[in-house]
Number of protein chains: 4
Amino acid sequence: MSSWAAAAEVLRAQRIETPSWAYGNSGTRFKVFAQRGIPRDPYEKIDDAAKVHELTGVAPSIALHIPWDRVEDFGALGRYAADRGIELGAINPNVFQEDDYRLGSLCNPDPGVRRKAVDHLLECVEIGRVTGSGVLSVWMADGTNYAGQDNIRARQDRLHEGLREAYDRMPENMRLLLEYKFFEPHFYTMDVPDWGTSFAQCLRLGERAQVLVDTGHHAPGTNIEFIVAVLLREGRLGGFHFNSRNYADDDLIVGAADPFQLFRIMHELVSAGGLDPAANVAFMLDQCHNLEPKVPAMIRSVLNVQEATAKALLVDAGALARAQAEGDVLGANAVVMDAFNTDVRPRLAELREDMGLDPDPIAAYHRSGYQERIEAERTGGAAMGWGA
Amino acid sequence: MSSWAAAAEVLRAQRIETPSWAYGNSGTRFKVFAQRGIPRDPYEKIDDAAKVHELTGVAPSIALHIPWDRVEDFGALGRYAADRGIELGAINPNVFQEDDYRLGSLCNPDPGVRRKAVDHLLECVEIGRVTGSGVLSVWMADGTNYAGQDNIRARQDRLHEGLREAYDRMPENMRLLLEYKFFEPHFYTMDVPDWGTSFAQCLRLGERAQVLVDTGHHAPGTNIEFIVAVLLREGRLGGFHFNSRNYADDDLIVGAADPFQLFRIMHELVSAGGLDPAANVAFMLDQCHNLEPKVPAMIRSVLNVQEATAKALLVDAGALARAQAEGDVLGANAVVMDAFNTDVRPRLAELREDMGLDPDPIAAYHRSGYQERIEAERTGGAAMGWGA
Amino acid sequence: MSSWAAAAEVLRAQRIETPSWAYGNSGTRFKVFAQRGIPRDPYEKIDDAAKVHELTGVAPSIALHIPWDRVEDFGALGRYAADRGIELGAINPNVFQEDDYRLGSLCNPDPGVRRKAVDHLLECVEIGRVTGSGVLSVWMADGTNYAGQDNIRARQDRLHEGLREAYDRMPENMRLLLEYKFFEPHFYTMDVPDWGTSFAQCLRLGERAQVLVDTGHHAPGTNIEFIVAVLLREGRLGGFHFNSRNYADDDLIVGAADPFQLFRIMHELVSAGGLDPAANVAFMLDQCHNLEPKVPAMIRSVLNVQEATAKALLVDAGALARAQAEGDVLGANAVVMDAFNTDVRPRLAELREDMGLDPDPIAAYHRSGYQERIEAERTGGAAMGWGA
Amino acid sequence: MSSWAAAAEVLRAQRIETPSWAYGNSGTRFKVFAQRGIPRDPYEKIDDAAKVHELTGVAPSIALHIPWDRVEDFGALGRYAADRGIELGAINPNVFQEDDYRLGSLCNPDPGVRRKAVDHLLECVEIGRVTGSGVLSVWMADGTNYAGQDNIRARQDRLHEGLREAYDRMPENMRLLLEYKFFEPHFYTMDVPDWGTSFAQCLRLGERAQVLVDTGHHAPGTNIEFIVAVLLREGRLGGFHFNSRNYADDDLIVGAADPFQLFRIMHELVSAGGLDPAANVAFMLDQCHNLEPKVPAMIRSVLNVQEATAKALLVDAGALARAQAEGDVLGANAVVMDAFNTDVRPRLAELREDMGLDPDPIAAYHRSGYQERIEAERTGGAAMGWGA
């Protein structure tokens with residue numbers, strides 16, 4: 001697809017989900033730097049997410065993290081969101097922040113701890129049923145720090161048992177996306193360290209179990225777009241957690257560390273129909289704005305995904321296919337680079353105006369007074385963060 | 001298994017296959033340093049492999065690489081080997097050293113090149129039928145150097161088609177082992193870069209398609225024993241190409257860069273029954289002795305695998321399971337480290353004497369005069385190497 | 001040096017400093033798992049460090065971290081330690097855990113923050129004067145997360161200015177050791193990411209500024225012993241922070257991830273006289289026992305350094321030099337591997353008995369009732385950790 | 001500098017040196033794919049380099065590699081180049097392609113081999129004197145493959161001795177640039193693995209010894225622009241070997257793997273005056289076009305450097321400094337990203353027209369018939385490559 005009109009149509013329909021936790025304080029093991037204006041409850045997170053959607057037009061849902069976003073009445077939370085123009089999105093269970101989980105959750109050698117972890121997953125399934133979420137997004141911190149600490153295969157068996165129970169409880173319209181991570185918080189093994197392990201576990205669960213690709217969760221040098229292409233071919237690409245990294249799981253703004261990589265990932269999606277709503281690939285952000293203010297950083301992130309998508313949509317598919325068929329290495333690469341080197345910002349500004357939006361969402365945010373307002377208003381109570 | 005008697009029985013039965021190509025000259029892209037006494041034909045490679053087996057007692061077969069080891073009469077080659085006490089082992093096709101393969105072999109955009117590559121695989125199946133080889137060991141250099149150079153998914157489709165044809169031609173007793181490699185000789189994508197891709201391709205082929213783990217073919221930091229454990233659990237661990245690395249695919253002597261890693265891999269095998277002949281895991285070496293003399297380096301390599309296996313067999317499985325069940329992190333690790341820290345060399349020397357071998361194979365080699373003899377005798381003709 | 005008698009003498013004189021912070025709670029950004037029996041003040045940390053020294057005989061000092069270990073009267077703290085048989089060691093300033101340091105400490109664009117950071121360093125110099133510490137151990141978390149965030153060169157200039165002030169204030173017997181770290185907590189640049197940057201900064205400061213090598217602070221694949229050898233040759237190896245890693249800065253027990261690497265580092269030290277007290281290389285541990293109990297983990301760590309040192313002392317230097325001179329690659333490597341493969345534990349047990357210690361410090365710890373006692377006694381108050 | 005007029009002036013004056021060896025055949029250890037139209041002698045390489053300069057206007061010199069480019073009369077070679085509009089550039093000695101160099105060149109344990117290597121360096125100094133080259137570009141393949149193989153410090157001493165002799169022989173206008181490389185062709189140590197080692201060696205030689213940064217010679221995740229900034233601050237950045245990599249030393253087209261990284265490097269240069277001719281930073285390419293045709297690949301490479309430079313020149317330095325001073329993380333990053341996201345191709349096309357060049361050098365090359373001509377004419381003789 002190389003005409004801008006067709007591209008614009010896809011771009012209008014794009015949906016990028018922002019994560020509730022990225023509106024709260026975050027940091028590294030060394031320090032969480034407190035910011036002003038941080039939400040003090042899930043409702044205020046929804047306010048922030050709604051602001052991001054209001055200005056970008058393509059971020060119409062917010063992912064929830066349980067228990068951080070646990071409320072008495074999820075139905076009410078959903079209505080609150082709907083009133084502000086967004087939906088509740090993926091449900092993210094948390095099975096890593098209690099002392100019980102020191103040696104793992106679903107993979108823990110202690111059956112009592114495993115039971116507790118599975119029960120939490122089942123609770124999240126029920127929350128998702130209430131909120132109408134189509135995605136149960138499972139990441140476990142499970143792993144070991146020392147050789148011999150636990151039995152690798154036994155842990156895979158326990159993992160399957162736990163996921164099986166959650167999978168079987170899910171309503172028909174829900175998918176289980178199993179996220180993998182190369183390392184952290186464990187340093188000898190993670191129990192789902194790579195896409196292959198997630199894929200193998202998903203195959204045993206059923207068709208509604210799919211792999212979730214967090215762009216920050218790979219070994220140095222890994223070609224992520226290759227994994228995306230293979231998973232699309234296997235029908236097992238469930239979605240993304242977008243962010244960017246230079247070293248480990250840096251959780252920087254998506255596209256900040258390597259904008260060309262983000263473009264290449266989008267190119268694989270475009271060329272395999274992965275942007276088609278029928279492909280049902282969930283585009284979610286998962287970031288930590290440790291230094292920079294949260295809301296404009298999230299706007300920047302959404303725009304980065306949008307710009308990369310726009311460039312990918314500009315790739316001249318016909319010319320590319322011809323050059324590939326002819327074995328024209330430089331020619332094929334040039335087709336792709338031509339799209340990447342194009343400055344899509346003016347066209348996206350026009351598209352926004354067509355959509356009734358400000359052409360420059362960042363400037364609009366700064367003009368809006370929103371930041372000043374939340375800094376002034378959100379002063380009592382405890383700022384939300386990873387631990388709350 | 002922690003008693004030495006039982007361990008010794010396993011060690012007697014161990015079979016480590018040496019690769020014909022490691023007896024020839026090898027090097028880097030910068031330089032192949034010529035050595036003296038290098039074989040000039042496959043028969044002389046067999047002589048060297050037989051010497052390694054004669055001295056170690058656990059290297060009773062030699063892998064062949066076609067066309068480097070192509071001879072008129074493979075039956076005669078097999079009898080030559082048998083006369084010297086060893087067997088012909090895995091057949092390794094070569095689909096990367098002709099100008100036709102510049103853009104790939106099975107994945108090449110040109111159907112004519114793909115046909116040529118598949119035909120070579122079929123030839124190798126037939127050679128294996130003649131030699132009685134149980135393993136068709138497929139590594140392809142296929143990949144791309146630049147984004148957009150070719151269509152990633154289309155290349156996976158072509159790969160499947162080619163492998164399908166070879167798989168279907170294999171006799172019942174033959175397995176297809178599909179090797180993966182993170183990078184090199186291509187630097188944007190390899191077409192089988194990771195175990196997940198190999199696994200997915202094998203699943204589509206059938207039960208006799210299995211993953212081959214080359215210990216040098218992973219991203220930095222990859223936990224290889226985890227992959228070994230998962231593949232054993234899935235019944236898809238076909239075998240190993242052993243070597244060691246610090247950086248890329250260094251092809252150093254196995255155990256030289258990280259002896260603890262080799263031990264941990266062996267520990268996973270031991271604890272999952274992977275050393276049981278019924279598990280049918282092929283233990284093969286794949287190394288380049290660029291600087292050091294070939295035959296003693298190969299003896300050293302075989303001993304390194306043997307020593308790591310012996311240590312893994314010394315792990316007190318009962319104590320380990322107890323510590324793991326109790327969540328005793330330091331205790332479980334201590335069980336494993338106790339085995340690793342044990343000096344198994346005296347016990348292995350005794351085992352060799354029991355087997356009628358010299359207790360010190362390296363010293364025996366130096367005393368044997370073999371090196372002097374091959375250096376003196378192998379003077380005319382062209383030394384074999386990767387290109388011949 | 002290859003005779004055990006000479007080795008034993010060196011081993012008796014070895015001094016491995018344990019860090020106060022490793023006796024407190026620690027964790028990852030995801031979770032700090034609380035343990036029982038954790039010290040509630042610096043005095044109890046000293047109790048734990050003294051226990052480690054009592055059982056190992058080679059850990060006679062404890063590093064302090066300011067402000068975590070700030071007390072009213074450091075003289076009294078020193079006497080408390082002396083009464084328990086240990087000394088106060090390196091002083092470690094903390095310029096990363098206040099909100100002011102969000103954009104850096106010595107490198108911060110704000111002169112007021114830089115002043116505050118320098119003042120803290122000066123305070124630490126004064127504390128060191130009181131405690132008689134010979135080492136000011138400087139690690140800064142300074143860096144940036146995004147391209148353009150700050151001016152790389154200007155930050156180097158500011159760094160020099162701040163260090164200059166601290167260096168000039170130090171008493172004659174104090175050294176400034178400048179630690180480098182590849183990444184974390186910043187992900188685009190660290191201001192001292194590699195040994196070269198630390199070395200360049202030290203050269204400008206003066207002879208008592210030296211490089212501190214934390215074994216966990218390198219890029220994947222880095223040959224640390226090479227750096228050690230080069231710094232020894234330049235006279236700029238100030239000391240170590242020992243720990244081990246598979247991925248990032250995992251801070252696992254030293255020698256746990258790669259015992260062969262630890263041995264190789266010790267081999268470089270031995271062969272360059274780096275264990276000679278005159279070389280003045282500080283051997284310090286810096287670890288996080290996130291999952292395992294602190295005191296036995298620290299004993300294990302000390303033993304791991306001791307075992308690696310013992311093996312390094314067993315390398316037959318004469319045989320090694322001969323093989324190297326002859327270009328005998330396999331022979332030279334074999335000399336080194338022979339030492340590594342030796343089980344030094346029985347000899348070290350004897351050495352401990354000679355020193356009046358229990359031959360098995362871990363077993364002695366478990367028999368001592370110390371763990372039960374601290375778990376019972378340390379119940380009121382707040383457990384110490386990174387944040388307190 | 002943010003006005004285009006000023007930027008254009010810098011771009012007109014830019015000089016990017018192409019390497020003679022990149023016009024010859026190259027490959028990996030697995031295969032050198034032969035191409036058609038490859039030069040058969042250094043004169044034909046000069047023809048190709050001149051074509052690149054003719055079309056780009058910014059590649060007015062060619063680096064020589066000795067002995068690959070050794071001719072009887074370097075004066076004549078220089079005049080041949082001058083007649084075609086280019087100059088002879090850096091002289092690159094080769095001390096890695098003879099069997100004598102198996103265990104190293106300047107660092108070899110054998111004094112005879114060291115003598116041979118130093119003599120070759122001295123020969124190259126003399127060649128440089130004849131050709132008027134200002135740069136002696138030293139890369140050694142020296143290193144070891146196994147722990148203990150040789151003495152790391154002794155090798156540093158030998159290295160210094162050899163370089164000292166070459167340095168002292170250089171004419172006043174010549175600089176010695178010492179290239180570092182993380183690994184390959186050796187896999188345990190390289191003797192100059194990082195910028196710190198090169199820097200330390202250069203400091204001992206004198207002011208005309210400087211570090212050469214090959215962009216492909218770093219550990220995964222290394223921030224190269226940081227090194228560039230630090231070396232500029234120390235006055236020791238001698239120049240670049242540009243290429244790009246995803247994994248090891250891939251030697252792909254510069255900017256192909258990560259165009260944003262190339263831009264960031266250029267940004268550091270621009271902001272520190274590194275493009276000023278007085279800074280005397282040599283911009284040289286060092287690539288292997290294994291799959292793609294050589295001459296258009298080289299044109300593409302030159303354009304990539306030029307485009308990255310143009311973008312770097314567009315960074316609004318004033319706005320950037322203000323945002324940095326204010327600690328405006330997102331704002332400062334936005335200034336840099338704005339320049340990167342700008343499509344500079346139209347402006348560069350105009351600049352070329354101003355310079356009397358075709359606005360599209362790639363298209364001009366294809367129209368020129370040059371490729372067809374060299375393929376037709378260069379048919380007899382041996383194609384040049386790394387080995388000849």
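Calculation rules
- Position labels on residues start from 1 in each chain and follow its written sequence.
- Here chains are named by letter from A upward and ligands by number from 1 upward, in the order in which they appear as written.
- Under the rules for a predicted model, residues below a pLDDT of 70 receive no local features and side-chain atom pairs below 80 are neither given nor counted, while totals for whole chains, interfaces and linings still include all residues.
- Just so you know, side-chain values use all the structure's heavy atoms and leave hydrogens and water out.
- A run of H or I in DSSP becomes a helix once it reaches four residues, and a run of E becomes a strand once it reaches two; helices and strands are each numbered from the N terminus.
- We compute the radius of gyration from the C-alpha atoms alone; for a globule the expected value is 2.2 Å times N to the 0.38, where N is the number of residues.
- Note on exposure labels: buried denotes an accessible area under 20% of the residue type's maximum, exposed denotes more than 50%, and partly exposed covers the range between, all computed with a 1.4 Å probe on protein chains only.
- Only the protein chains shown count as covering a residue, and every accessible area follows the Shrake-Rupley method with a 1.4 Å probe.
- We call two residues in contact when some of their heavy atoms are within 4.5 Å.
- Put simply, buried area is how much 1.4 Å-probe accessible surface two parts lose in total, over both of them, once they are put together.
- What counts as a salt bridge is simple: a side-chain nitrogen of Lys or Arg found within 4 Å of a carboxyl oxygen of Asp or Glu.
- Gly counts as polar in this scheme, as do all residues outside two lists: the nonpolar Ala, Val, Leu, Ile, Met, Phe, Trp, Tyr, Cys and Pro, and the charged Asp, Glu, Lys and Arg.
- Between the first and last residue of a helix there are one fewer steps than residues, each counted as 1.5 Å, and that sum is the expected span.
- Contacts described as polar in this section are N or O atom pairs within 3.5 Å, which, within protein, must combine one atom able to donate a hydrogen with one able to accept it, while residues neighboring in sequence count only if both atoms come from side chains.
- In superposing the copies, a least-squares fit is computed on C-alpha atoms, taking residues whose pLDDT is at least 70 in both.
- Centres within 6.5 Å make a pair out of two Phe, Tyr or Trp rings, where for Trp the six-membered ring is used; the pair is then stacked when the planes are under 30 degrees apart, edge-to-face when over 60, and tilted otherwise.
- Here a strand pair is declared whenever DSSP counts at least two bridges between the two strands.
- An axis is simply a line fitted to the C-alpha atoms; with a helix, the fit covers only the stretch in contact. Between two such axes, the angle follows the N-to-C directions and lies from 0 to 180 degrees.
- Crossings are assigned a handedness: left-handed for a near helix turned anticlockwise from the far helix by less than a right angle, right-handed for a clockwise turn.
- For the charge count, each Lys or Arg is scored as positive and each Asp or Glu as negative, with His and the chain ends excluded.

Asker: I would appreciate a short explanation of the overall build of chain A in the present structure.
Answerer: Regarding its fold elements, chain A presents 14 helices and ten strands. In terms of overall dimensions, chain A is globule-like: its C-alpha atoms have a radius of gyration of 21 Å, near the 21 Å expected for 388 residues. Seen along its three principal axes, the alpha-carbon backbone of chain A occupies a region of about 55 × 55 × 40 Å. Counting all 388 residues of chain A, 70% fall into the buried class. Counting only carbon and sulfur atoms, one obtains 48% of the accessible surface of chain A, whose full area is about 11,900 Å².

Asker: Which parts of the structure should I look at to understand the interface of chain D and chain B?
Answerer: Note on interface size: it is often stated as the accessible area lost on association of the parts. Across the contact, 41 residues belong to chain D and 41 residues belong to chain B. It is D:R29, D:F30 and D:L291 in chain D that bury the most area against chain B; as a group they hold 22% of the surface buried on that side. Taken together, the connections running from chain D to chain B amount to eight salt bridges. Residues D:E184 and B:R29 are paired through a salt bridge, measuring 2.9 Å at the closest nitrogen-oxygen approach. Classifying every residue of the side of chain D that touches chain B gives 22 nonpolar, eight polar and eleven charged.

Asker: Looking at this structure, how should I read helix α2 (residues 42-56) of chain D?
Answerer: An α-helical turn contains 3.6 residues, so any two residues separated by three or four positions project in the same direction. Residue and element names in this part refer to chain D. Compared with an ideal rise of 1.5 Å per residue, which puts 15 residues at 21 Å, α2 spans 21 Å between its outermost C-alpha atoms and is within 8% of the ideal. Counting buried positions over the 15 residues of α2 gives twelve, a clear majority of the element. Those residues of α2 lying buried are P42, E44, K45, I46, D48, A49, A50, K51, V52, H53, L55 and T56. The opening residue of α2, the one whose side-chain oxygen lies 2.9 Å from the backbone nitrogen of Y43, is D41. Immediately beyond the C-terminal end of α2, within one or two residues, lies G57, with a positive phi of roughly 80°.

Asker: What is the right way to read the relation of the copies chain A and chain B from this model?
Answerer: Note that the two copies of the chain are related through a rotation about an axis and a translation along the same axis. By a simple turn and slide, chain A fits onto chain B: the slide is 0.0 Å along the axis, the RMSD is 0.0 Å, and the turn is 180°. As the rotation angle and translation indicate, the two copies are arranged about a two-fold axis. The position closest to the rotation axis in chain A is occupied by the C-alpha of A:G196, lying 2.1 Å away. With an isologous cut-off of 70% or more, the 100% of interface residues of chain A that recur at the interface of chain B puts this contact in the isologous class.

Asker: What is the right way to read the relation of the copies chain D and chain B from this model?
Answerer: When chain D is fitted to chain B, the best match, at an RMSD of 0.0 Å, comes from turning it 180° and sliding it 0.0 Å along the axis. The share of interface residues of chain D whose copies in chain B are also at the interface is 100%, consistent with both copies meeting through the same surface.

Asker: When you look at the packing of aromatic side chains in this model, what are you seeing that I'm missing?
Answerer: Working definition: an aromatic ring pair is given by the centre-to-centre distance plus the angle between the planes. Residue and element names in this part refer to chain B. Applying the stated criterion across every chain yields a total of 78 aromatic pairs over all chains. Here F263 and F340 contribute two aromatic rings whose centre-to-centre distance is 5.3 Å and whose plane-to-plane angle is 45°, an arrangement assigned as tilted. Here the residue F263 occupies a position in helix α8 (residues 259-271), and F340 occupies one in helix α11 (residues 329-341), the gap between them amounting to 77 residues. Given a relative accessible area of 4%, F340 falls into the buried group.

Asker: Could you clarify how one ought to interpret the pairing of strand β6 (residues 175-179) of chain B in this entry?
Answerer: Residues in a regular strand point their side chains to alternate faces of the sheet. All names here are of chain B. The buried fraction of β6 amounts to five of the five residues, a majority that puts the element mostly inside the structure. Of the two faces of β6, the one holding R175, L177 and E179 and the one holding L176 and L178 are both buried throughout. As paired elements, β6 and strand β8 (residues 209-214) share four bridges and run parallel to each other. Bridged to L177 within β8 is Q210.

Asker: Help me understand the packing of helix α1 (residues 4-13) of chain B against helix α9 (residues 294-314) of chain B, please; the structure alone is not making it clear to me.
Answerer: A pair of packed helices is characterised by two quantities: the angle between their axes and the separation of those axes. Residues and elements named next belong to chain B. Between α1 and α9, the least distance of the axes is 9 Å, while the angle of their chain directions is 145°. Where α1 crosses over α9, the two elements pack in a sense that is right-handed. Residues W4, A7, V10 and L11 of α1 touch α9, and the partners they reach there are Q306, T309, A310, L313 and L314. In terms of residue class, the contact of α1 with α9 is made up of seven nonpolar, two polar and no charged.

Asker: Would you mind showing me how to read the side chain of B:R175 here?
Answerer: Residues and elements named next belong to chain B. Of note, R175 is situated in strand β6. Although buried, R175 forms no salt bridge, and the nearest oppositely charged side chain, E17, lies 8.9 Å from it. Within polar-contact distance, the side chain of R175 engages the backbone oxygen of G238 at 3.3 Å. Beyond its immediate sequence surroundings of up to four residues, R175 is in contact with G134, V135, L136, M170, R208, Q210, G238, N280 and A282.

Asker: Help me out: how do you make sense of the environment of C:E98 in this one?
Answerer: Here C:E98 lies in the loop between β3 (87-93) and α4 (111-131). Residue C:E98 is classed as partly exposed on the basis of its relative accessible area, which comes to 36%. Placed 90 residues apart in sequence, C:E98 and C:A8 show a C-alpha to C-alpha distance of 46 Å. Beyond its immediate stretch of four places on either side in the chain, C:E98 contacts A:K31, A:F33 and C:K116.

Asker: Even after reading the chapter, I still don't get the pattern of salt bridges, so can you show me in this structure?
Answerer: Oppositely charged side chains can form a pair if their charged atoms are brought close together. Evaluation of the coordinates by the stated rule reveals 144 salt bridges over all chains. For A:K181, the salt bridge goes to A:D249, with nearest N and O atoms at 3.0 Å. One end of the pair, A:K181, is in the loop between β6 (175-179) and β7 (189-190); the other, A:D249, is in the loop between β9 (237-242) and α8 (259-271), with 68 residues separating them in the sequence. On the basis of relative accessibility, which here comes to 8%, the residue A:D249 falls in the buried class. Between B:E375 and B:R36 there is a salt bridge whose closest N-O contact spans 3.5 Å. Residue B:E375 is located in helix α14 (residues 370-377), and its partner B:R36 is located in the loop between β1 (18-19) and α2 (42-56); the two are separated by 339 residues in the primary sequence.

Asker: What is the right way to look at the packing of α8(A) against helix α11 (residues 329-341) of chain A in this model?
Answerer: Residue and element names in this part refer to chain A. The interhelical angle for the contact between α8 and α11, taken along N-to-C directions, is 120°, at an axis separation of 11 Å. The interaxial crossing formed by α8 with α11 has right-handed handedness. For the pair α8 and α11, the contacting residues are P259, F260, F263 and H267 in the first and V336, M337, A339 and F340 in the second. Looking at the contact of α8 with α11 residue by residue, the class counts come to seven nonpolar, one polar and no charged.

Asker: Sorry, what's going on with the interface of chain A and chain B here?
Answerer: With 54 residues of chain A at the interface, the matching set in chain B holds 54 residues. A combined buried area of about 4,300 Å² lies between chain A and chain B, and 60% of that area is made up of carbon and sulfur atoms. Of all residues in chain A, A:R153, A:F226 and A:R233 bury the most surface against chain B, accounting for 18% of the area lost on that side. Where chain A packs against chain B, one counts four salt bridges. With its nearest N and O atoms 2.9 Å apart, the salt bridge here joins B:E234 to A:R204. Put simply, chain A and chain B have 18 residue pairs in polar contact (both at pLDDT 80 or more) between them. For the side of chain A that touches chain B, the elements supplying multiple residues, two or more each, are α5 (152-169), β7, α6 (195-205), α7 (224-234), α8, α10 (317-325) and α11 of chain A. Tallying contributions element by element places α6(A) first for the side of chain A that touches chain B, with eight residues.

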